[in-house]
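# Geometric and topological summary
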Amino acid sequence: MCGPDWLEQGMKHVWLPYSQMRTALPPLPAASTRGCTITLADGTELVDGIASWWTACHGYNHPHIRAAVAAQLERMPHVMFGGLVNEPALTLATRLASMLPGDLDRVFFTDSGSVAVEVAMKMAIQYWLNRGQAGRTRLVAFRGGYHGDTMATMAVCDPEEGMHSLYQGALPEHFIADLPVDDARAQALDTLLGQSGERIAAIIVEPLVQGAGGMLFHPPDVLRRLRALADRHGVLLILDEIFTGFGRTGTMFACEQAGIVPDIITLSKALTGGTMALAATVARQHVFEAFLSDNPLHALMHGPTFMANALACASANASLDLFAREPRLEQVGRIAEQMRAELDSCRDLPHVVDVRVMGAIGVVELERVADMNALKSALIAQGVWVRPFRNIVYLTPAFTITPAELTRLTTAIHTVLSQSAPDPVHRR
C-alpha cells in the first residue's frame, strides 16, 4: 500500500469493521469532505452515494452544523449527565418529544445505535419486572432484521443472515418470527404471542425497511398489524428507527406512514446530521412511569459516560434546524422520483432480481456477487463511493445531493453492473 505516511503507519495498527483484513481491499484514505463529495489523499474526488452509513443527511460540512458545534466547543464540550444537565441536551429532548408522535416524550441519550437498542431492550424487560412480572424476558424479532452488533442486540438480529451466526449458543434466545406481511404470517405471530405472551416483554422491528438484512421493504400495514397484535396480547412495541428516522423513507419518521405510536423508539444515524456520535431511546409516558418508585432498584441503571454530550446535542439541534428551515422531505421526494427513473434500466440486466426505491433509498438486488472486491473497485473507478454488501447495490445519498450528482451515481451502477453481468443462470 502506498499513500501518506499516516496511512502507511496507521494501517499496521488499526482493525477495520466488517472486514476480513487478509482479503479485503485496502481502505481509501479520505482527506476531506464537502457536500456530497469525499476527497482522497491523492486528490481523487468521489461522489458519495452512502452518506457515511446514512448519517450525513444534509451533506458533509454543513456550515450551520459546523458553526453550532464550534460555538458549543467554546462554551462547554462535555459535562457528565449524572447529577448535571446541559442546555443543548434538554433543548434537544424537548424538540424530539414535540416532533415524535403521541406521548413519546421521555428521552434517554446514548452514544450509538446499538446501545440505544440495548437500552430499549432493558427498558422493556424492566418495565415488566417493575410491574411484578418477572417472567417477561424475551423479545420477538424478525427474520431479515438487524439491530446492532453488541451482544444483546445480536440476539434480536436474524440468526441465519451471516454476520452473527457464529455466536449462536453464546447469546440469549429470543423469538425470531416472520414479518406479518400477509394474513397467514399475521396469524402465526398471533399464535406465538398467544402461546408465549407471558414470556414476552416486547416486539422489536425496523419500520418499513430492514436495512442490513438486505434493504428489505414492507408496507405500513405491517406496522399497523404489529401495533394491533402488541395491544391484543399486552406486550410493548419497539420501533428501531436508527436507519429510517429523520426523513430517509420520505416522512420524518417511518412510523408516521402507518399512523401508529410505538411504546419505545430508538434514534441515531442522521440525528446529528452525520457530524457527531449520538443516539436516543425515547419512551412513552406509561413506560417511564413504571420506573417511578420509592424503590431504588426500580430505576433504570444505565448511564453511558458520554451520554447527552453537549457537542453532539448541539450538532443534533442544528440538524433539526435544517429540517425546519429547508425543504428536506421535498428533496427526498425528488431523489425518490429520480432514482426510480434512472435505476429502472437496471431491471433489464440479466443478473438483476429486483430494483426498488423508498424515499432516499435505492436498491438494486442481484442474484449473486461473484467478486465483491472487483465490484467495489469498478464503482470507485467510476468516481463514486458506493458500498455494496451481500447481493445488494444500494444508494442512501444525502438529501442535498444535486440531480447531476445523483445521475453520476445511478449511471455508475448501471455501467458497472452491465460490464460485470454473469451468465443469467438460476434466475429467480
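The present account deals with the structure reproduced in this document. (Residues numbered from 1 in each chain as written. Predicted model: local features only at pLDDT ≥ 70, side-chain atom pairs only at ≥ 80, totals over all residues. Heavy atoms only, no water.)

## Topic: helix H5 (residues 113–130)
Since the α-helix packs 3.6 residues into each turn, any two residues three or four apart lie on the same face. Our working rule: Strands here mean DSSP runs of E at least two residues long; helices mean DSSP runs of H or I at least four residues long; both are numbered from the N terminus. Take the number of residues in a helix, subtract one, and multiply by 1.5 Å to get its expected span.
Taking 1.5 Å of rise per residue, 18 residues should cover 26 Å, and H5 covers 25 Å from first to last C-alpha, within 8% of that figure. Note on H5: the residue one or two positions beyond its end, glycine 132, has a positive phi of about 85 degrees.

## A closer look at unusual backbone geometry
The line we're drawing: Here's how the labels work: a residue is buried when its accessible area is under 20% of the maximum for its type, exposed when over 50%, partly exposed in between, all with a 1.4 Å probe on protein chains only.
With a phi close to 50 degrees, tyrosine 18 is a non-glycine residue in the positive phi region. Along the chain, tyrosine 18 turns up in the loop between helix H1 (5–10) and strand S1 (30–34). One non-glycine residue, lysine 269, lies in positive phi territory at about 45 degrees. Mapping lysine 269 onto the fold places it in the loop between strand S11 (264–267) and strand S12 (279–284). On the accessibility criterion, lysine 269 (24% relative accessible area) is partly exposed.

## Observations concerning the sheet that holds strand S16 (residues 392–395)
The criterion, for reference: Only strands that DSSP links by at least two bridges are regarded as paired with each other. Working convention: axes come from line fits to C-alpha atoms, limited for helices to the stretch in contact. Angles between N-to-C directions cover 0 to 180 degrees. We call two residues in contact whenever any of their non-hydrogen atoms come within 4.5 Å of each other.
Strand order in this open sheet of three strands is S13-S14-S16, and the pairing throughout is antiparallel. Each edge of the open sheet is held by one strand with a lone partner, namely strand S13 (352–358) and S16. For this sheet, the mean angle separating the axes of adjacent strands, direction not counted, is 10 degrees. Here S13 runs beside strand S14 (residues 361–366); their pairing, made up of six bridges, is antiparallel. Looking at the pairing, aspartate 354 lines up with glutamate 365 of S14. Against the sheet, helix H11 (residues 328–343) engages S13, S14 and S16, with an angle of about 25 degrees to S14.

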